[in-house]
Amino acid sequence: MPIHEKSLIRPENLVEHEELVIDGVDVSGHWSTFIEGRSVPDYNEQLQEEIAAIGGGENIHRCWQCGSCTNACTVNAINPDFNPRFWIYLIRMGLEEELVRDRDIIWQCVSCNKCTYACPRDVNPEGVMKATAHWLELKGYTEMKPSMVFDEEFSLQVFNTGKIEEGKVLQKFFKRTNQPLTQPWLVHLITGLVKRFPVFYLMKLGWGAVFHPRTRDWGRARDAINEYVEERNAEIHKALNLDAKGAD
Amino acid sequence: MSKPVLVVGGGPAGLSAARALADAGQAVVLVDKEDRLGGAPILSGYAKLVPSHEWAKDAIGGMVSGVEGHKMVTVKTGTKVDKFDGDPGNFVATLSDGSKVEASATILATGFTHFDSVNKPEWGFGTYPDVVTTTQVEQMLSTGAGVKCPSDGREPERVAILLCVGSRDRQIGREWCSKICCTVSANLAMEIREQLPNCNVYIYYMDIRTFGLYEGEYYWASQEEHKVKYIKARIAEVTSDGKRLLVKGEDTLVKRPISIPFDMVVHAVGMDPNVDNMTLSAIFNVDLNKYGYIGKPSTYAHMSETSRPGVFVAGAATGPETIDDSIAQGKAAAIAALISASSTVREAAE
């Protein structure tokens, strides 16, 4: 039988045999296209706990599937495939294979938090999306997204020095994401600054770029923060059954 | 005072009616076909009750001893009513032990019968030993035996509870919602999770109908505190791969067929009309409703009444009912019987 709505079926589930005879009946070729079953064979009971171990995912078990998050979602309005309600369900029930299929969409959450305020059970869907994107990275299903690299550089600098220097963050971010530092907008910004800024401020900026200002007595705070971050990372890695470094 | 009131059935509704009448100074004859009082919660060995979390043997047992020790109550266990004649104020009941009881009124608190899961063969009860009913799980908990797979005594790592077994199903002529199974299942799921923390419990539902104000304490708590998982699917069939049970159906929220292994499948069995209702209807000459429960007219003007004056009804005899509501209805039927008894005495005096 021809299949009229092929678009509804995943291509990998459409099977044609060039030559196939079943019980003496020739079922070769296009007119005998088979659709492979898409049944769910098992639950991964750890999945909900894994997401719950990552910051933001703690309340995922509360969800009762009302769909408020998806209805409120900014991204869903543009891309109907972006469906937090659905992913929360997949995670709750442990349908990992289904979840991973959407790995190229999940990270698109823009953190507008409309879902957070719509959710009647305080699931914090935005946090769940963040945790899920992080989970996909930790498990090696997706590469680290540029935004995550930026966040990491930003936080690392705050943790280590108690303050941030935009120039340094940008520099490291572009280096880690293999982008040239001579971005047209950045060049434009800097030349504009040089032209218009008073000399005193430019000198101060230049001084600061060479002799980095320090936060007084930051050492103890830095150690405490790093200790906490390490502790949390160890917890997450343990919950996800990863070695200390991660999936890769 | 007038002749005694005959109460038929010693479950929560009958015990409540008998106790209320007796406390009001009215003599009561309480008959029960079983050899002891307590009704389904005692005879079927329920564990902790909804919503009090009290053990059935303590809660209902307390009601039993309150009635058995009461000087105004004559208890006749192992006894049925064979014949019932007369008019309000002057009924005569012939019991199976040959004795006759003259009664001013009677209250039917004849209860229900658990749905027999064999009538849904596609869900594996009677075919696979590890497919059990909620009643059996109640017994595993109440006897202290613990939740174990009947086939080999192992502790299950994964339990599926199927809701609406014998309820809301035209295929088997049972259109009604049995009211209590959602809450009972949520309660059992929490008990299982508490007893076996490594066991995951999945509840397969069509709708969740935790009647009364039980949503927070049972539906929410089972999800939030006990991590019980609810899956919207009506299961097509329960089979076995030789080692574990295979539950097949469609997860309607994912729009995927599911075929998932379980160690134990629990049927949340519904409440059927009492199997004796046809006989009871003939003996007491009361109408049954279209489902086979004892029919009751509108609550507003005729609370506790049946189609026959002087014959009252309470509890699950009229349809699926919770224990708390059965007790309330027992007390309501008691006041209805008292009014009926006193008015017939008044009429005779005039």
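Since the structure is predicted, the reported quantities are computational estimates derived from the model, not experimental observations. (Residues numbered from 1 in each chain as written. Chains lettered and ligands numbered in written order. Predicted model: local features only at pLDDT ≥ 70, side-chain atom pairs only at ≥ 80, totals over all residues. Heavy atoms only, no water.)

## Quick look at the overall build of chain A
Thought 1: Summing up its helical and strand segments, chain A has 13 helices and four strands in all.
Thought 2: Whereas a compact globule of 248 residues would reach a radius of gyration of roughly 18 Å, chain A reaches 25 Å, over 25% beyond that.
Thought 3: Along the longest, intermediate and shortest principal axes, the C-alpha atoms of chain A span 90 × 40 × 35 Å.
Thought 4: When the 248 residues of chain A are sorted by exposure, 35% land in the buried category.
Thought 5: Here the contacts in chain A between residues at least 6 apart in sequence split such that 58% fall between residues at least 24 apart.
Thought 6: About 15900 Å² of surface is accessible on chain A, with carbon and sulfur atoms providing 56% of the total. (Helix = DSSP H or I, 4+ residues; strand = E, 2+ residues; numbered from the N terminus. Rg over C-alpha atoms; globule rule 2.2 N^0.38 Å. Buried < 20%, exposed > 50% of the residue type's maximum accessible area, 1.4 Å probe, protein only. Contact = heavy atoms within 4.5 Å. Areas by Shrake-Rupley, 256 points an atom, 1.4 Å probe, with all protein chains shown as cover.)

## As for the interface of chain B and chain A
Thought 1: Taken residue by residue, the interface counts 26 residues in chain B and 24 residues in chain A.
Thought 2: At the boundary of chain B with chain A, total buried surface from both sides reaches about 2200 Å², with 49% on carbon and sulfur atoms.
Thought 3: Seen at the junction of chain B and chain A, the total is four salt bridges.
Thought 4: Here D42(A) ties to R158(B) by a salt bridge, and the two come within 2.4 Å at their closest N and O atoms.
Thought 5: Between chain B and chain A we count nine residue pairs in polar contact (both at pLDDT 80 or more) in total.
Thought 6: Secondary-structure elements contributing two or more residues to the side of chain B that touches chain A are β11 (200-205), α6 (215-224), β12 (229-232) and β15 (256-262) of chain B.
Thought 7: If one sorts the elements of the side of chain B that touches chain A by residue count, β15(B) sits on top with seven residues.
Thought 8: Per-class residue counts for the side of chain B that touches chain A are 14 nonpolar, three polar and nine charged. (Buried area = accessible area lost by both parts, 1.4 Å probe. Salt bridge = Lys/Arg side-chain N within 4 Å of Asp/Glu carboxyl O. Polar contact = N/O pair within 3.5 Å; in protein donor to acceptor, adjacent residues only side chain to side chain. Nonpolar A, V, L, I, M, F, W, Y, C, P; charged D, E, K, R; others polar.)

## Considerations on the packing of aromatic side chains
Thought 1: By the definition in use, this model includes 20 aromatic pairs over all chains.
Thought 2: Among the aromatic residues, those joined into a ring-pair cluster are W64(A), Y205(B), Y219(B), W220(B) and Y230(B).
Thought 3: Against the face of W64(A) rests R121(A), its NZ or CZ located 4.5 Å from the ring centre. (Phe/Tyr/Trp six-rings, centres within 6.5 Å; stacked < 30°, edge-to-face > 60°. Lys NZ or Arg CZ within 6 Å of the ring centre and 35° of its normal.)

## A few points about the domain arrangement of chain A
Thought 1: Each assigned domain of chain A is listed here: domain 1 (6-35), domain 2 (47-138) and domain 3 (146-217).
Thought 2: Domain 1 of chain A and domain 2 of chain A are separated by 36 Å when their C-alpha centres are compared. (Domains from an automatic or database assignment.)

## What about the environment of N71(A)?
Thought 1: Within the fold, N71(A) resides in helix α2 (residues 68-72).
Thought 2: Owing to a relative accessible area of 66%, N71(A) belongs among the exposed residues under this scheme.

## Here we look at the nonpolar core
For soluble globular proteins, nonpolar side chains are generally found buried alongside one another.
Thought 1: Core analysis: the largest hydrophobic core is formed by 90 residues, its most contacted members being Y43(A) and Y204(B).
Thought 2: Ignoring any residue separated from it by four or fewer positions in sequence, one finds Y43(A) in contact with M93(A), G94(A), L95(A), R158(B), Y202(B), Y204(B), I231(B), I258(B), I260(B) and F262(B).
Thought 3: If you look at the next biggest cluster of nonpolar residues, it comprises 36 residues, including A17(B), L37(B), L49(B) and Y293(B). (Core = buried A, V, L, I, M, F, W, Y, C linked by side-chain atoms within 4.5 Å.)

## Comments concerning the packing of helix α1 (residues 12-23) of chain B against helix α3 (residues 56-68) of chain B
Residue and element names in this part refer to chain B.
Thought 1: In contact at an axis separation of 10 Å, α1 and α3 are set at 40° when each is read in the N-to-C sense. The angle between the axes of α1 and α3 places the two elements in the oblique class. Between α1 and α3 lies a crossing whose hand is left-handed. Along its contact with α1, which presents P12, L15, S16, A18 and R19, the element α3 presents I60, M63, V64, G66 and V67.
Thought 2: Looking at the contact of α1 with α3 residue by residue, the classes come out as seven nonpolar, two polar and one charged. (Axes fitted to C-alpha atoms, helices over the stretch in contact; angles between N-to-C directions. Parallel < 35°, antiparallel > 145°, perpendicular 65-115°, else oblique. Left-handed = near helix turned anticlockwise from the far one by under 90°.)

## Brief notes about the sheet that holds strand β4 (residues 81-87) of chain B
In a beta sheet, neighbouring strands are held together by backbone hydrogen bonds and run either parallel or antiparallel to one another.
Residue and element names in this part refer to chain B.
Thought 1: One open sheet accounts for three strands, arranged β4-β5-β6; its pairing is antiparallel. Two strands close off the open sheet at either side, each with one partner strand: β4 and β6 (100-103). On average, each strand axis in the sheet is tilted by 15° relative to the strand beside it, whichever way the strands run.
Thought 2: When β4 meets strand β5 (residues 90-95), the two strands line up antiparallel, connected through six bridges. (Pairing = 2+ DSSP bridges.)

## Let's talk about unusual backbone geometry
Thought 1: For the peptide bond that leads from V50(B) to P51(B), omega is 0°, which places it in the cis range.
Thought 2: With respect to the element layout, P51(B) can be found in the loop between α2 (40-43) and α3.
Thought 3: At D122(A), a residue that is not glycine, the phi angle is positive and equals roughly 55°.
Thought 4: When its relative accessible area of 44% is taken as the criterion, D122(A) is described as partly exposed.

## Some thoughts on the pattern of salt bridges
Thought 1: Scanning the entire structure with this criterion turns up 31 salt bridges over all chains.
Thought 2: In this structure, the salt-bridge partner of R101(A) is E97(A), at a minimum N-O distance of 3.9 Å. Of the two residues, R101(A) and E97(A) are both situated in helix α5 (residues 96-101); the distance of four residues between them amounts to about one turn of the helix.
Thought 3: Look at R101(A) and you get partly exposed, because its relative accessible area is 35%.
Thought 4: Notably, a salt bridge pairs R154(B) with D130(B), separated by 3.9 Å at the nearest N-O pair. Pair noted here: R154(B) is in the loop between α4 (134-142) and β10 (158-165) and D130(B) is in the loop between β8 (112-114) and β9 (131-133), with a separation of 24 residues, a long-range link.
Thought 5: You can call D130(B) buried: its relative accessible area is 7%.

## Structural notes on the state of the cysteines
What we call a disulfide is simply a covalent bond connecting the sulfur atoms of a pair of cysteines.
Residues and elements named next belong to chain B.
Thought 1: Counted according to the given criterion, the structure contains zero disulfides over all chains.
Thought 2: No disulfide involves C149; its nearest neighbouring cysteine sulfur is the one of C199, lying 8.5 Å away.
Thought 3: Of the residues examined, C149 reaches a relative accessible area of 1% and is grouped as buried. (Disulfide = S-S within 2.5 Å.)

## What to know about the sheet that holds strand β13 (residues 237-240) of chain B
Residues and elements named next belong to chain B.
Thought 1: Here three strands make up an open sheet; going across it, the order is β13-β14-β15 and the pairing antiparallel. Edge positions in the open sheet fall to β13 and β15, since each of these has one partner strand only. When the angles between neighbouring strand axes are averaged without regard to direction, this sheet yields 30°.
Thought 2: Bridging between strand β14 (residues 245-251) and β15 involves seven bridges; their strand directions are antiparallel. Looking at the pairing, V247 lines up with I260 of β15.

## Some thoughts on the confidence of the model for chain A
Thought 1: In this model, chain A carries a mean pLDDT of 88, and residues with pLDDT of at least 70 account for 96%.
Thought 2: The weakest mean pLDDT in chain A belongs to strand β4 (residues 34-35) of chain A at 77; the strongest belongs to helix α8 (residues 125-138) of chain A at 95. (pLDDT = per-residue confidence, 0-100.)

## Some remarks on a negative patch on the surface
Thought 1: A cluster of acidic residues, E16(A), E18(A), E19(A) and D26(A), forms a negative patch on the protein surface.
Thought 2: Residue placement: E18(A) occurs in the loop between β1 (14-15) and β2 (21-22). (Patch = residues over 30% accessible without salt bridge, like charges linked within 9 Å, V, L, I, M, F, W, Y side chains within 5 Å. Lys, Arg positive; Asp, Glu negative; His and termini not counted. Charge placed at Lys NZ, Arg CZ, Asp CG, Glu CD.)

## Quick word on the pairing of strand β16 (residues 264-269) of chain B
For a regular strand, side chains alternate in direction, first toward one face of the sheet and then toward the other.
Residue and element names in this part refer to chain B.
Thought 1: Within β16, six of the six residues are buried, which leaves the element mostly enclosed by the surrounding structure.
Thought 2: Where β9 lies against β16, three bridges are found, and the strand directions are parallel. Bridge pairing in β16 places V131 opposite V265.

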